[in-house]
Amino acid sequence: MMKNYEGVEANFHQIKNEQIEEGVDEFLEQKEMNLLVTYSPQKSFLERFFHLSITRHILEHIKIPMLVLK
């Protein structure tokens, strides 16, 4: 996926926490991050209606800028 972006350094991490928002916030503080990039897949009408947005909850808890890719 990153082969077209020469010179760009990207790191991918998996974190575990019962509360997603808390886990992300703790990770960002530990790693002293200054930008969070997330991916939000396209949802159908019913998925948007019934599914809670994890991305939105994360955005409400973090203290740094967040870029959401769709």
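Residues numbered from 1 in each chain as written. Predicted model: local features only at pLDDT ≥ 70, side-chain atom pairs only at ≥ 80, totals over all residues. Heavy atoms only, no water.

Student: Mind laying out the layout of surface pockets, listing which residues take part and the relevant values?
Tutor: Of the volumes computed, that of the largest pocket is approximately 1,400 Å³. Taken together, 41 residues form the lining of the largest pocket, with Leu36, Val37, Thr38, Tyr39 and Leu67 sitting closest to its centre. Sorting the residues of the lining of the largest pocket by element identifies helix H1 (20-31), strand S1 (36-39), helix H3 (54-61) and strand S2 (66-69) as the ones contributing at least two each. The class makeup of the residues in the lining of the largest pocket is 25 nonpolar, ten polar and six charged. (1 Å grid on protein atoms, 1.4 Å probe; cavity = no way out; pocket = protein on both sides within 12 Å on 5 of 7 lines; lining within 4 Å. Points joined across faces, edges and corners; volume = space filled by probe spheres on them. Helix = DSSP H or I, 4+ residues; strand = E, 2+ residues; numbered from the N terminus. Nonpolar A, V, L, I, M, F, W, Y, C, P; charged D, E, K, R; others polar.)

Student: A description of unusual backbone geometry should follow, citing residues and the corresponding values.
Tutor: The phi torsion at Glu32 lies on the positive side, around 50°, for a residue other than glycine. Assignment of secondary structure puts Glu32 in the loop between H1 and S1.

Student: I'd love a proper account of the pattern of salt bridges, names of residues and values included.
Tutor: In this structure the tally under the stated criterion is two salt bridges. Between Lys63 and Asp25 there is a salt bridge, with its nearest N and O atoms 3.7 Å apart. Here Lys63 is found in the loop between H3 and S2, whereas its partner Asp25 is found in helix H1, with 38 residues between them in sequence. Residue Lys63 is classed as exposed on the basis of its relative accessible area, which comes to 67%. Salt bridges here are not isolated pairs; linked through shared partners, they connect Asp25, Glu29 and Lys63. (Salt bridge = Lys/Arg side-chain N within 4 Å of Asp/Glu carboxyl O. Buried < 20%, exposed > 50% of the residue type's maximum accessible area, 1.4 Å probe, protein only.)

Student: Outline the environment of Glu6, listing residues and values.
Tutor: Topologically, Glu6 is positioned in the segment before H1. C-alpha of Glu6 to C-alpha of Met33: the two residues are 27 residues apart in sequence and 22 Å apart in space.

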